[in-house]
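What the coordinates show
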Amino acid sequence: MKTPFLTKEKALEISKQIPTPFHVYDEKGIRANAAAVKEAFAWNKGYREYFAVKATPNPFLINILREYGCGTDCSSLTELMLSDALGMKGEEIMFSSNDTPAEEFVYADKIGAIINLDDFTHIDYLEEAIGHIPETISCRYNPGGVYAVSNGIMDNPGDAKYGMTKEQLFEAYQILRDKGAKRFGLHAFLVSNTVTNDYYPALAKTLFELVVELKNETGVEISFINLSGGVGIAYQPDQTPNDIAAIGEGVHKVFDEVLVPAGLGNIAIYTEMGRFMMGPYGALVTTAIHEKHTYKEYIGVDACAVNLMRPAMYGAYHHITVLGKEDAPCDHTYDVTGSLCENNDKFAIDRKLPEIEMGDILYIHDTGAHGFAMGYNYNGKLKSAEVLLKEDGSFELIRRAEKPQDYFATFDCFDIFDKLK
Ligand SMILES: *Cc1c(COP(=O)(O)O)cnc(C)c1O
């Protein structure tokens, strides 16, 4: 059973001011979860969550997380710019990118972000780009092979484009040390959206043992270990959500077993969660505008894959609640579609739902991460507004919807733009 954080009355109230479709975020849920994450890792002195900006690049939401000590994890120039504009300083910003252009390294270095190198060859590339090797630097590890937890987004480390092999990693740290680096981090991201409390502890064990081996073999001491993202959420109603307290305790246990006896009990643990921080606390609110009876029963809504790409891209499941019909029997079978000229533009296929009437408001769950953010402009469709439902029940626009002028803005240096304004 999945329960919306928005009532039909509130959705109607918002939609009078901000027409559907829009993404809405639940401040109360974001805060409670961020506090629980902080508490789960409070045993580790240096702990910090670097929120993966790519999941939900909205400054208002990021500022809420900052109140709980979160920094940002960036993967591009604009994400770095956003963090800088929010007043984040140096080590509050992690730059975990891959296939990184030189100018992004330059900008990251300028604002003092921690640079996490995806590849061995990036040592020379970085040095060439910024003229030196930073004192603090991190490396991304890929153990290869197969990982037990699978999900269709990123499964087997051996097939993933990210990170260095163990041999490369050990050599990288020694080269970086010779080039003047003084503080080292280790990063790995093996599987996406794991719905199990065992992923972080298992990853931690792998990384902790590696760090002990690195110290023994090379004398390089790691200062922080970044467990990155991958902690999932229960998109399906029958899944059991992850318990962050149990996850934190699981990592704590391995920390005490592996790092403390090796004299490495001062290592800071970092995380870069995106989905877990925000996913369940966002929803896409959309209105049913068409019903179509052909070989199947279709409900056409005013949102499309431009607003939420995950179902089209990965066949991802997003639960749907018809607001005001929470208790009605799900005795109809529908494909819920958007308007793109793409047959995969379906939020649900053969979904059991209550009978839907035109004008009904559909609440698409768990769009708070990798939802709005993945948006694109195919078919010239425009991205929606984002709305914050505050703790006191009021709401605030935190990003306006795109206007045609935004879509045409990249023609602003051409004559035709005057007619499109
Ligand atoms: C996407 C990403 C994250 C966040 O992943 P989630 O699964 O949303 O937690 C963290 N770190 C890096 C490097 C990423 O690419």
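Quick summary incoming for the structure in this document. (Residues numbered from 1 in each chain as written. Predicted model: local features only at pLDDT ≥ 70, side-chain atom pairs only at ≥ 80, totals over all residues. Heavy atoms only, no water.)

Here we come to the overall build of the protein chain. Helix and strand counts for the protein chain come out as 13 helices and 17 strands. At 23 Å, the protein chain has a C-alpha radius of gyration in line with the 22 Å of a compact globule built from 421 residues. Over its C-alpha atoms, taken along the principal directions, the protein chain stretches across nearly 70 × 55 × 45 Å. When each of the 421 residues of the protein chain is scored for burial, the buried share is 52%. About 18,300 Å² of surface is accessible on the protein chain, with carbon and sulfur atoms providing 50% of the total. (Helix = DSSP H or I, 4+ residues; strand = E, 2+ residues; numbered from the N terminus. Rg over C-alpha atoms; globule rule 2.2 N^0.38 Å. Buried < 20%, exposed > 50% of the residue type's maximum accessible area, 1.4 Å probe, protein only. Areas by Shrake-Rupley, 256 points an atom, 1.4 Å probe, with all protein chains shown as cover.)

This part is about the sheet that holds strand E3 (residues 71–74). The parallel closed barrel is built from eight strands, whose spatial order is E2-E3-E4-E5-E6-E7-E8-E9. Here the average twist between neighbouring strands, direction ignored, is 25°. Note that strand E2 (residues 48–52) and E3 share three bridges and pair parallel. When the sheet's bridge partners are listed, alanine 52 is paired in E3 with aspartate 73. Sitting on the sheet, helix H8 (residues 199–218) touches strand E7 (183–187), strand E8 (222–226) and strand E9 (268–271), and the angle it makes with E8 is about 160°. (Pairing = 2+ DSSP bridges. Axes fitted to C-alpha atoms, helices over the stretch in contact; angles between N-to-C directions. Contact = heavy atoms within 4.5 Å.)

What follows covers helix H5 (residues 102–110). Along H5, the residues that are buried comprise Glu104, Phe105, Tyr107 and Ala108. Projected down its long axis, H5 carries its buried residues within an arc of 165°, all on one side. Those residues of H5 that are exposed and angled more than 90 degrees off the buried face are Glu103 and Lys110. Looking at the buried positions of H5, the neighbouring elements they touch are helix H4 (77–85), strand E4 (93–96), strand E5 (114–117) and helix H6 (122–130). Phi turns positive one or two residues past the end of H5, at glycine 112, with a value near 80°. (Arc of directions from axis to C-beta.)

This part is about the site of the ligand. Residues in close proximity to the ligand total 16 residues, the closest being Lys54, Glu272, Gly274, Arg275 and His370. One of the side-chain N or O atoms of lysine 54 is found 2.6 Å from an oxygen atom in the ligand. One of the backbone N or O atoms of glycine 230 is found 3.2 Å from an oxygen atom in the ligand. In isolation the ligand offers 390 Å² of accessible surface; the protein chains occlude 92% of this area. (Near = heavy atom within 4 Å. Polar contact = N/O pair within 3.5 Å; in protein donor to acceptor, adjacent residues only side chain to side chain.)

Let us look at the packing of H4 against H5. Contact geometry for H4 and H5: axes closest at 10 Å, N-to-C directions at 15°. Taken together, H4 and H5 sit at an angle that is classed as roughly parallel. In this structure, the crossing between H4 and H5 has a hand that is left-handed. Between H4 and H5, the residues in contact are Leu77, Leu80, Met81 and Asp84 and Glu104, Tyr107 and Ala108, respectively. (Parallel < 35°, antiparallel > 145°, perpendicular 65-115°, else oblique. Left-handed = near helix turned anticlockwise from the far one by under 90°.)

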